[in-house]
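Overview (structure and organization)
Residue strings, one per chain:
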Amino acid sequence: MIVRVLGSAAGGGVPQWNCACKNCEGARTGRIARRTQSSLAVSIDGKDWLLLNCSPDIAAQIEAFAPLQPHQSRGTPIVGMLLTDANVDHLGGLATLRQGGAGGFTVRSSAVVREIATAQPAFSPFAQPPHRWLEVPLDRTCQSEGAGDIVGDELTVRAFSVPGVTPGYDGRRRLQGAVVAYEIAERGRDDRLLFAPVFASIDDPLMRAISAATVAVVDGSFYSEDELLAGGLLPKRARDLGHQPVGGAGGTLERLSAVRTHLIFTHLNNSNPMLDPQSSAHAQIRAFGADIAYDGMELRL
Ligand SMILES: [Zn+2]
Ligand SMILES: [Zn+2]
């Protein structure tokens, strides 16, 4: 399985258009890497690709990665998407892809996410032919839905609910299925990718899934609970926004200190000191043995 990081930033990207924080300025001057909004693409054969979330930066991400570009006068090697939640930075790219896919896209999400997202005019066409928007069963393996469906045929996929809330535009409701994570493996193989770019805390099912994964791509939105407040950027704490911080007491590093899985932090908010290779937060991640995702990062499982 080929796993390609298309984008590695939280909503807004790095730099964010309306932000002049240290990281955004650093990205503008080239001191730190630029990042688009987070998404992965996975493929078995390098021909058909499944997107894990579909960010508003999808058009630029396709142009930056030739295997996702069309091979005929009109077309796309992208066959479908798995969505973790209904946040606009995770599905806003659908609005860009609405012209595409003669055969349509197979979009999958939890029932809650489908209900919230398809109530929005920008996304509702994906619940109609030629597209289809399927509900992923929670805690059970997804079944193939016929020819051309790489889920079930080539990939074994299981979704499960993780602690989290619906998006701000839906009132941040705490519902089962508001946020899910995906376990993905090449059919018939044991190596397992866990995609969990958003979680408000690590409960037992999420801990088990992280421990069982070969590679776990996890929520790296915020390093500390109060970095938005401290930076004067937003009067909100990380957990108010549905994200467990990486550092500090009860943070992800502390919770996962006994886990042997290869961890890759993604969905980094531009306030996050981990973005700066000179920072002590960055050094702490490396000393832990974990990685920080970057746009263009590629793995093989
Ligand atoms: Zn996000
Ligand atoms: Zn910024």
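Let us look at the structure shown here. (Residues numbered from 1 in each chain as written. Chains lettered and ligands numbered in written order. Predicted model: local features only at pLDDT ≥ 70, side-chain atom pairs only at ≥ 80, totals over all residues. Heavy atoms only, no water.)

**Digging into the pattern of salt bridges**
What the rule picks out here adds up to 14 salt bridges. Arg173 serves as the salt-bridge partner of Asp170, at 2.9 Å between the closest nitrogen and oxygen. Residue classification places Arg173 among the partly exposed positions, given a relative accessible area of 38%. Asp191 is the partner of Arg189 in a salt bridge, and the nearest nitrogen-oxygen pair spans 3.9 Å. When its relative accessible area of 45% is taken as the criterion, Arg189 is described as partly exposed. (Salt bridge = Lys/Arg side-chain N within 4 Å of Asp/Glu carboxyl O. Buried < 20%, exposed > 50% of the residue type's maximum accessible area, 1.4 Å probe, protein only.)

**Notes on the sheet that holds strand 3 (residues 49-52)**
Sheet architecture is open: 7 strands sit in the order 6-5-4-3-2-1-13, paired in mixed fashion. Each edge of the sheet is formed by a strand with only one pairing partner; in this case those strands are strand 6 (132-135) and strand 13 (298-300). With direction set aside, neighbouring strand axes in the sheet form an average angle of 20 degrees. Bridge count for strand 3 against strand 4 (residues 78-82) is 4 bridges, and the pairing is parallel. Paired with Leu52 across the two strands is Leu82, which belongs to strand 4. Seen against the sheet, helix 4 (residues 111-118) touches strand 5 (106-109) and strand 6 and runs at an angle of roughly 145 degrees to strand 6. (Pairing = 2+ DSSP bridges. Helix = DSSP H or I, 4+ residues; strand = E, 2+ residues; numbered from the N terminus. Axes fitted to C-alpha atoms, helices over the stretch in contact; angles between N-to-C directions. Contact = heavy atoms within 4.5 Å.)

**Some remarks on the coordination of the zinc ion (ligand 1)**
For the zinc ion (ligand 1), the full set of protein donor atoms is Asp89 (OD), Asp89 (OD), His90 (NE2) and His267 (NE2), and the range of their distances to it is 2.0 to 2.8 Å. Of note is the zinc ion (ligand 1), whose 4 donor atoms meet at the metal with angles of 51 to 158 degrees in an arrangement that counts as irregular. Expressed as a motif, the donor residue spacing for the zinc ion (ligand 1) is D-H-x176-H. Taken together, the residues His90 in helix 3 (residues 88-91) and His267 in the loop between strand 11 (262-266) and helix 9 (280-288) connect sequence positions 177 residues apart. His267 matches His90 in its accessibility class, with the two residues each being buried. (Donors = N, O, S within 2.8 Å, 3.2 Å for Na, K, Ca; no water. Tetrahedral: all angles 85-135°; square planar, octahedral: opposite > 155°, others 65-115°.)

**Points about the sheet that holds strand 10 (residues 215-219)**
The mixed open sheet is built from 6 strands, whose spatial order is 7-8-9-10-11-12. With partners counted over all chains shown, the strands left at the sheet margins are strand 7 (155-161) and strand 12 (291-292), one partner each. Looking at chain direction, strand 8 (residues 180-186) and strand 9 (residues 192-196) are connected through 4 bridges and run antiparallel. Following the sheet pairing, Ala185 is matched in strand 9 by Arg192. Each of strand 7, strand 8, strand 9, strand 10 and strand 11 is contacted by helix 6 (residues 204-212), which is oriented at about 140 degrees to strand 9, the strand it contacts most.

**Quick notes on the coordination of the zinc ion (ligand 2)**
Around the zinc ion (ligand 2), the protein contributes the donor atoms Cys19 (SG), Cys21 (SG), Cys24 (SG) and Asn270 (OD1), which lie 2.2 to 2.5 Å from the metal centre. One way to put it: the 4 donor atoms around the zinc ion (ligand 2) meet at angles of 103 to 118 degrees, and that makes the site tetrahedral. Read from N- to C-terminus, the donor residues coordinating the zinc ion (ligand 2) fall into the pattern C-x1-C-x2-C-x245-N. Of the two residues, Cys19 and Cys21, neither departs from the other in class, the shared state being buried.

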